[in-house]
Amino acid sequence: MNRLILIDGTAIIYRSYYAFIKRPLINSKGMNTSAVYGTINTFIKLVSDFSADNVVISFDRKEPTFRHKMYKEYKANRPPMPDDLVSQLKPVSDFFREIDVLEISIPGFEADDIIASLAEKYKNDFEILMVTGDKDYLQLLDDNVSIFDPFKSNIKDLEYLQEKYEIKSDQFIDFLAITGDTADNVPGIKGIGEKGALKLLHEYGTLENIYENIDNIKSKSIVKKLEESRENAFLSKDLVRIDRHVPLNIKDDKQVEFDRKKLMNAVPFLEEYEISSLVKRIRSVVPEESLFEMMGVQEENGSDTIKLEYELIENNSEFDELVQILRKHDKVAIDTETTSVHPVEAEIVGISVSTDSCGYYIPLSHKMYVNLDKGYVIESLRKNLKGKMLIGHNIKYDMQIFEKYGWVIDNKIFDTMIASYLIDPQLMQHNMDKCAERELNYETVPISNLIGKGKKQITFDLVDVPTAAKYAAEDAFVTYKLYEVYNRRLKELELVELFENIEIPLVEVLKSMENTGVFVSEEILGNLSKEAGARLSELTKWIYDKAGYPFNINSTQQLAKLLFDEMKIPPVKKTKTGYSTDNSVLEKLAENYEIAEKLIEYRMLNKLESTYIKALPKLISGRTGRVHSSFNQTVASTGRLSSSNPNLQNIPIRSEFGRRIRNAFTVSDSDYVILAADYSQVELRVMALLSGDENLISAFRNNEDIHTQTASLVFNVTKEEVTSGQRAQAKAVNFGIIYGMGYVRLSQELGISRNDAKAFIENYFAKFSAIKEYMDRQTEFVKSNGYTSTLFGRKLYLPGINSTDNRTAGDAARVAINMPIQGTAADIIKLAMINIHDQIIDNPCIKMILQVHDELVFEVHKDKLEEAKSLIKTAMENVEIPNSSVPFKVDIGTGVNWFDAH
């Protein structure tokens, strides 16, 4: 039986838009294209994954529906559609018109009514697949009708419904009638959630039957809730029931047919909206002969993808021949296959290398295979590749692996992952698979195809060698091809100096830091865990007593019910799923309600315990007895480093327990101490440098307290007359300006009126006029040039600054001002790290072990402490900064642990 795909276009558009909400896709015209891209990408996936020979799409109309006439509050709480989403509705509709997909949208009905009616009409002729993430559609499931959620990539059918809810599809209407829907403002039965609804339906079958048997229900509280919401319950059932009998006016069943060849009609459309990356995906799903015909291409192969050439090296003779080939090239891509993603624990399994024309795989430790001798191979490569450029994708990892086997790489290196990041730091993923897809139109073999996933995952040494050879050689070959693309683009974008002078030298520094690791005391963490556990128990008991019953404190829904329904606390913020209980809300409520204060402490302790106190001991290497965090260069768009496994950037220092976690970062040898070197107000100093504001520069040159100086100028008093409150206000503005804080946020931060906050900011800019001029100048530059940059040439493209949507443009303007400040500060500390590393590389008594924001942490032998202080302070304070007129000051502390040193 053929399949008919029915698409809820409105649901897909919304989900696509919000999938990119943090980093929207903005084209050069300033238009947000997130929903356009996401919807089309989803459709191409449908064509690729399913037999899409019959397709209909439906969209909600703006006119009121029969549900609004039935209940005027229906969807009344929904916020209006964002302007930059409204502007994408027509382009999405135009796309489906271009490719000749039937669209049916009827005034007075929602898309789900249209799709339900289509399913009812055709379910005996087709296998029906409804495409949506809306759970209301579960009421439509039938033997021949199922749902595909493209954002979770799962299919929901009658078996799914039975497993999850243990009810039939027609009972799902009753289920929705009881639970209600906050997003659509369907009231339901107040106080009865999903579990309660299912229990009633399992016993009585339908809503009508529940009320007919209300006298038999033993729970008085349930009976009370049912009686109080009787009218709302039946109203809700009418509201959630999808209409299956909408007049469709389909004259010919052939109207639902779809010819995937017509996808090529959309190529000009995609180019117009600057989402031409989807053209490659379209070509991959259009039949090849049709593609050539429509493109006017006569060649047998119309693809512009690279073609993999590879060889498996099976013996020493073949390896020696390979070495002679490599000797003729001045650049070689190299990659390792290992038993673990963690370099400290990993054992080498094989090595792949590639020239510009062919990739090669050398097996070294595969099980049940006659491998080449790893010592001979690695030593031979070390000697014969000396002086050549080595190209890798995340080459730091490969350098760490080779170092374990005696090859300390001192070659010139090129990292394609870092190059991808510098070229477009806003991209979420810079892994090789994504880079190959974006730049080479090439789909790589996923590692999961070889080693599996989850509990069934195997190590690479168990992969059969011919399969491993193709995968591994592909890695090196693709990396070389990416080098050819990125090397050219780095030059075109004037990023070579940043790449070669900061990012590439930093690879060696981070490799050394990761290899050294940091000693973490299990004993201190164990004691802290007992304390945290005891305090969490106290808090839990207190909260339960306040509530009057135990509940899941971590459930936002249960918490919202307690706070806003039962305790009648006025809600602060509403989301699509109900009233918010996020930390910003709790902090506001804590001013008047003790329970909010306790909940904040509970959440903070719970997170610290799970993320650090209990997690850190599990990350201690059995080989070294130390924690080896990974420092990442390709995550933050500002250029800041991040860390993972564990993430050391987010250990809070404002709470007592957060600070005390740093006590556990200590030394294993009593002859050593921890030294922490922290830049003082580095971002404010960078702002002074970029703006050229003489008041700020003068304060830093004279080593004055910058916040007192600011307060003195803004409040027009002497420095001696500045109060602690005035200094606090000045400090909030000094740092807030960097992050684009407006008067609304300032009023919230300081607890003052908006008028006072507005006046304060205006007075601030009157005294620090050069800062305001810098901000205006920076915004105008980005509007004209499309990007912002640091003093060292790091670039961030911000096409959203010219968006017609005020929110998108405003967000981009804030980044335009902030990124040069944060990014320059990040570049400065990176240069300091490189400088220090070069001086201590042969000194085992001084080891750099951590970098967290503006701070560097070292492990230093007591005998070398004064030498280390002088060396580190001098290196950090004397980074060569273009046209610097501002002194950069470093504070140094020492102690037996990180907390004491900081």
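Bear in mind the structure is a predicted one, so any value in this text is a computation, not a measurement.

Novice: Please clarify how the pattern of salt bridges should be interpreted in this entry.
Specialist: Opposite charge on two side chains permits them to pair, given that their charged atoms come into close proximity. A complete count under the given rule lists 53 salt bridges for this structure. Between glutamate 110 and arginine 67 there is a salt bridge, with its nearest N and O atoms 3.2 Å apart. Note that glutamate 110 is positioned in the loop between strand S3 (102-103) and helix H5 (111-122) and arginine 67 in helix H3 (residues 66-70), a separation of 43 residues in sequence. Here glutamate 110 and arginine 67 have matching classes, each one buried. Residue lysine 262 is joined to aspartate 100 by a salt bridge in which the shortest nitrogen-to-oxygen separation is 2.9 Å. Of this pair, lysine 262 sits in the loop between helix H11 (230-240) and helix H12 (267-272) while aspartate 100 sits in the loop between helix H4 (83-98) and S3; the two residues are 162 residues apart in sequence, bridging distant segments of the chain. For lysine 262, a relative accessible area of 29% translates into the label partly exposed. A cluster of three or more residues bridged by salt bridges with shared partners is formed by Glu120, Lys123, Asp142 and Arg244.

Novice: Can you help me understand the sheet that holds strand S19 (residues 672-679) in this one?
Specialist: Ordered by their spatial adjacency, four strands build an open sheet running S22-S23-S19-S24, and the pairing between neighbours is antiparallel. In this open sheet, the two edge strands, each paired with only one partner strand, are strand S22 (846-852) and strand S24 (890-895). Neighbour-to-neighbour, the strand axes of the sheet open up by a mean angle of 20°, direction not taken into account. Along the sheet face, helix H36 (residues 865-877) touches S19, S22, strand S23 (855-861) and S24 and points at about 20° away from the line of S19.

Novice: How should I be thinking about empty space enclosed by the protein in this particular structure?
Specialist: One water molecule sets the probe size; rolling that probe over the atoms shows where empty space is left. By the definition in use, this model includes four cavities of 30 Å³ or more. Roughly 80 Å³ of internal volume is contained in the largest cavity. Contributing to the lining of the largest cavity are Arg640, Leu641, Gln649, Glu683, Gln822, Ala825, Ala826, Ile829, Lys830, Gln851, His853 and Asp854. Per element, the largest residue contribution to the lining of the largest cavity is five residues, and it comes from helix H35 (residues 806-840). Grouping the amino acids of the lining of the largest cavity by side-chain chemistry returns four nonpolar, four polar and four charged.

Novice: Any chance you could explain the pairing of strand S1 (residues 3-8) here in plain terms?
Specialist: The side chains of a regular strand alternate, first on one face of the sheet and then on the other. Taken across its six residues, S1 has six buried, putting it largely inside the fold. Taken together, the five bridges between S1 and strand S4 (residues 127-131) define a ladder with parallel strand orientation. The residue of S4 that forms the bridge with isoleucine 7 is valine 131. Inspection of the sheet shows S1 paired to strand S2 (residues 55-58) by four bridges, in the parallel sense. Bridge pairing in S2 links isoleucine 5 to valine 55.

Novice: What's the story with the packing of aromatic side chains in this structure? I'm lost.
Specialist: Aromatic ring pairs are defined here through the distance separating the ring centres and the angle between the ring planes. As enumerated under the stated definition, the model contains 31 aromatic pairs in all. Seen in terms of ring centroids, phenylalanine 43 and phenylalanine 96 are 5.3 Å apart; in terms of plane orientation they differ by 85°. Their pairing is edge-to-face. Note that phenylalanine 43 is positioned in helix H2 (residues 34-49) and phenylalanine 96 in helix H4, a separation of 53 residues in sequence. Assigned by exposure class, phenylalanine 43 and phenylalanine 96 land together as buried. Centre to centre, the rings of phenylalanine 95 and phenylalanine 269 are 6.0 Å apart; their planes meet at 50°, and the pair counts as tilted. With phenylalanine 95 in helix H4 and phenylalanine 269 in helix H12, this residue pair connects regions lying 174 residues apart in the sequence. Residues phenylalanine 95 and phenylalanine 269 agree in their burial class; the two are buried.

Novice: What is the right way to look at the packing of helix H23 (residues 522-547) against helix H26 (residues 594-613) in this model?
Specialist: For any two helices packed against each other, one specifies the inter-axial angle together with the distance between the axes. Close contact between H23 and H26 brings their axes to 10 Å; oriented N to C, the two are set at 150°. By the angle between their directions, the pair H23 and H26 is classed as roughly antiparallel. Every pair of crossing elements has a handedness; the one defined by H23 and H26 is left-handed. Mapping the contact onto sequence places Leu525, Leu528, Ser529, Ala532, Gly533, Arg535, Leu536, Leu539, Thr540, Trp542, Ile543 and Lys546 in H23 and Glu594, Ile595, Lys598, Leu599, Glu601, Tyr602, Leu605, Asn606, Glu609 and Ile613 in H26. Classifying every residue of the contact of H23 with H26 by side-chain character gives twelve nonpolar, four polar and six charged.

Novice: So what exactly am I meant to see when it comes to helix H22 (residues 496-516) here?
Specialist: Owing to its 3.6 residues per turn, the α-helix aligns residues three or four sequence positions apart on the same side. For H22, spanning 21 residues, the distance from its first C-alpha to its last is 30 Å, which sits close to the expected 30 Å at 1.5 Å a residue. Burial in H22 covers these residues: Leu498, Phe499, Ile502, Glu503, Ile504, Leu506, Val507, Val509, Leu510, Lys511, Met513 and Glu514. Looking one or two residues past H22, glycine 517 carries a phi angle of roughly 70°, positive in sign.

Novice: Looking at this structure, I do not really get the nonpolar core. What am I missing?
Specialist: Soluble, globular proteins show a tendency: their nonpolar side chains are buried together. Within the largest apolar cluster, 171 residues are counted, with the highest numbers of intra-cluster contacts made by Ile351, Phe665, Tyr679 and Ile836. Among the elements that take part in this core, H35 stands out by supplying ten residues, more than any other. The residues touching isoleucine 836, leaving out its near neighbours within four places in the chain, are Met848, Leu856, Phe858, Leu871, Ile872, Ala875 and Met876. Among the nonpolar cores identified, the runner-up in size contains 57 residues, and Ile114, Ile167, Val240 and Val256 belong to it.

Novice: Honestly, the sheet that holds S3 in this entry has me stumped. Any pointers?
Specialist: Taken together, the six strands give an open sheet; going across it, the order is S3-S2-S1-S4-S5-S6, and neighbouring strands pair in mixed fashion. The open sheet has two edge strands, S3 and strand S6 (154-156), and neither has a second partner. The sheet contact formed by strand S5 (residues 145-149) and S6 spans three bridges and is antiparallel. Residue pairing across strands places isoleucine 147 opposite lysine 156, the latter belonging to S6.

Novice: Please explain the pairing of S4 as it appears in this structure.
Specialist: With respect to burial, S4 is a largely interior element, four of its five residues being buried. Where S4 and S5 come together, four bridges link them in parallel fashion. What sits directly across from valine 131, in S5, is phenylalanine 148.

Novice: Is there a simple way to think about the side chain of serine 146 in this case?
Specialist: Mapped onto the elements, serine 146 comes out in strand S5. With a relative accessible area of 11%, serine 146 lands in the buried category.

Novice: Help me out: how do you make sense of unusual backbone geometry in this one?
Specialist: Glycine aside, a negative phi is what most residues show, and trans is what most peptide bonds show. A cis amide bond, omega 5°, links asparagine 645 with the succeeding residue proline 646. Examined against the element boundaries, proline 646 turns out to sit in the loop between strand S17 (642-644) and helix H27 (656-661). Phi is positive for glutamine 681, close to 50°, though the residue is something other than glycine. Along the chain, the position of glutamine 681 falls in the loop between S19 and helix H28 (682-691). For asparagine 883, which is not glycine, the phi torsion reads 55° and is therefore positive. Assignment of secondary structure puts asparagine 883 in the loop between H36 and S24. For asparagine 883, a relative accessible area of 73% gives the class exposed.

About the thresholds
Residues numbered from 1 in each chain as written. Predicted model: local features only at pLDDT ≥ 70, side-chain atom pairs only at ≥ 80, totals over all residues. Heavy atoms only, no water. Salt bridge = Lys/Arg side-chain N within 4 Å of Asp/Glu carboxyl O. Helix = DSSP H or I, 4+ residues; strand = E, 2+ residues; numbered from the N terminus. Buried < 20%, exposed > 50% of the residue type's maximum accessible area, 1.4 Å probe, protein only. Pairing = 2+ DSSP bridges. Axes fitted to C-alpha atoms, helices over the stretch in contact; angles between N-to-C directions. Contact = heavy atoms within 4.5 Å. 1 Å grid on protein atoms, 1.4 Å probe; cavity = no way out; pocket = protein on both sides within 12 Å on 5 of 7 lines; lining within 4 Å. Points joined across faces, edges and corners; volume = space filled by probe spheres on them. Nonpolar A, V, L, I, M, F, W, Y, C, P; charged D, E, K, R; others polar. Phe/Tyr/Trp six-rings, centres within 6.5 Å; stacked < 30°, edge-to-face > 60°. Parallel < 35°, antiparallel > 145°, perpendicular 65-115°, else oblique. Left-handed = near helix turned anticlockwise from the far one by under 90°. Expected span 1.5 Å × (residues − 1). Core = buried A, V, L, I, M, F, W, Y, C linked by side-chain atoms within 4.5 Å.

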